[in-house]
Amino acid sequence: QPVTKSEPLAKIPSSKRVNISEEYQKRSSAKPKLNLVVIGHVDAGKSTLMGHFLYDLGQVNERTMRKFERDSQKIGKGSFAYAWVLDETGEERDRGITMDIATNHFETEHKSFTLLDAPGHRDFIPNMISGTAQADAAILVVDASTNAFEAGFDAGGQTKEHAVLARSLGVQQLIIAINKLDMALWSQSRFDEIQTKLKSYLVHVGFKKSNLVFVPVSGLTGENLIKRSTLPELEWYKGGSLMQHIDGFAPPVRLLEKPLRMRVTDFFKGGIGSSGGVSVAGNIESGSMQVGEQVMIVPGNELGYVKTMQVNEEPANWAAAGDSVLMTLVNLDIMNLSNGCLVCTASKPVPVTSTFEAQIVVFDIRIPITPGYPVVLHHGSLDEPAFIAKLIEVLDKSTGEVIKRNPRCLSKGMTAKVQIKLSQRPIPLETFKDNKQLGRVMLRKDGETVAAGVVNEILTYGS
Ligand code: GDP
């Protein structure tokens, strides 16, 4: 593991140094910030629901909304107007699907949210993985209309896969929006039927019962989104509105005291406000940093200084875990930045590895995993070719005891320890014990998620 001489705060005069834990306390006691992701089967109504929600919350101006309504009437799809609140590019509108992740900020009475709108289309699950990786809580949208819930829930549907992915990526709190209940005439028995099926599945994949909330809604009519519905047909429902439940999400525990790990999502030449240097955008997974501090880019171990920064598009002099940041770095070469690199505390950079041991859970696969099994390893926004080099042992799901050493293959539903090797290049990775945010991996093959897991041990450092 590389150890580098560094001077993290040396260039900042003591009068200008920020006591970040104090500032962070002040900021979060005002209004905790959460990252929220919306998941569910394609056409479940995610975009319509969240668009309508944001509109009713007063996030969308009247003129924009009227324009969306006119445009959608023109193409004969009036109901798309709300969905367009989230789909910002023309291509998405033409295809009527949400392709990438559009980010939106909104506030409720007690919380502040960044909304990551995850797409429902099958091909876009890798995008969903990079979006959900930063999520603290999720809304799972299901379509309650006749046969639609079943189509999304059973084999081939994305309801289950999204739920498992969210859980594997560390999301613990989930609101299940039982949507389009207008189509089922607000039937309580339909609501109960879906709730029963989903609850047992969600508990089975590791959600706590007490962290699951079910809300009957209609993204189209707006029932139960902001205010509790007063519809006579919904009299049987005694719970809160979607917004009340969103406001009630528990504030996330941030890894503030860990070394800085910021995932770089974008970078370009020139600093903020056409100054010199390099602009770097990304999300802080753990730790904190301040203007004037020295940081290290991994891989490559290039050092640089933070000259200026913005948090959520506002100028700031410090940033911490959970923040999305744009900053100007100086005294470094842009050639050392790459897709998926991390900005780290200079004295404690993240290890770079090409072989590690992981504990994985195998998803619904048809062909068992054998040694040499090729996968695409997803880690944050990175996806890299890799293979399962060794099957070490099969574990009991609930007790964690070893059931079988050196198994010949792994099949659906098993929990196991395996050795994974990157095929082309090493990547920055940490053990789950050291950093919950960086210690998770997702394995996919031929466009399907085959397993998810946590990193137990880094076996080789560097290449
Ligand atoms: P997404 O793929 O999950 O983002 O789904 P969309 O938001 O694009 O919605 C898919 C379709 O369902 C569109 O035609 C919507 O108008 C329709 N829809 C969405 N929500 C509701 C609802 O609550 N009730 C009814 N009746 N239709 C809805």
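Right above here is the structure, for reference.
Computed from a predicted model, the values in this text were never measured in an experiment. (Residues numbered from 1 in each chain as written. Predicted model: local features only at pLDDT ≥ 70, side-chain atom pairs only at ≥ 80, totals over all residues. Heavy atoms only, no water.)

Enquirer: Explain the pattern of salt bridges to me, using residue names and the numbers behind them.
Expert: Tallied over the full model, the rule gives 21 salt bridges. Of the charged contacts in the structure, one is a salt bridge between Asp-323 and Lys-33, with a shortest N-O distance of 2.7 Å. Remark: Lys-33 occurs in strand β1 (residues 33–39) and Asp-323 occurs in the loop between β13 (318–320) and β14 (324–330); sequence separation between them is 290 residues. Overall, the relative accessible area of 0% leaves Asp-323 in the buried class. Three or more residues joined by partner-sharing salt bridges are found here, namely Glu-150, Arg-190, Glu-193 and Lys-197. (Salt bridge = Lys/Arg side-chain N within 4 Å of Asp/Glu carboxyl O. Helix = DSSP H or I, 4+ residues; strand = E, 2+ residues; numbered from the N terminus. Buried < 20%, exposed > 50% of the residue type's maximum accessible area, 1.4 Å probe, protein only.)

Enquirer: Outline the packing of aromatic side chains, listing residues and values.
Expert: The tally for this structure, following the rule as stated, stands at 8 aromatic pairs. When the centroid spacing of 5.1 Å and the interplanar angle of 15 degrees are considered together, the rings of Phe-106 and Phe-113 count as stacked. Like Phe-106, the residue Phe-113 is buried in the burial classification. Ring plane angle 85 degrees and centroid distance 5.7 Å describe the contact between Phe-153 and Tyr-201, whose orientation is recorded as edge-to-face. Placement of Phe-153 in helix α7 (residues 148–153) and of Tyr-201 in helix α9 (residues 188–204) is noted, with a sequence separation of 48 residues between them. A relative accessible area of 8% places Phe-153 in the buried class. Ring pairs connect the aromatic residues Phe-53, Phe-106 and Phe-113, which therefore count as one cluster. The ring of Phe-153 carries the charged tip of Lys-160 above its face, separated from the ring centre by 4.6 Å. When the ring centre of Phe-207 is taken as reference, the NZ or CZ atom of Arg-167 above it lies at 5.9 Å. (Phe/Tyr/Trp six-rings, centres within 6.5 Å; stacked < 30°, edge-to-face > 60°. Lys NZ or Arg CZ within 6 Å of the ring centre and 35° of its normal.)

Enquirer: Help me get a handle on unusual backbone geometry, residues and values and all.
Expert: Across the junction of Val-298 and Pro-299, the peptide omega takes the value 0 degrees, indicating a cis bond. Within the secondary structure, Pro-299 is located in the loop between β10 (294–298) and β11 (302–311). Unusually for a residue other than glycine, Trp-186 sits at a positive phi of about 55 degrees. Of note, Trp-186 is situated in the loop between β5 (173–179) and α9. If you check the backbone angles, Asn-224 has positive phi at about 65 degrees while not being a glycine. Examined against the element boundaries, Asn-224 turns out to sit in the loop between β6 (212–216) and α10 (242–247).

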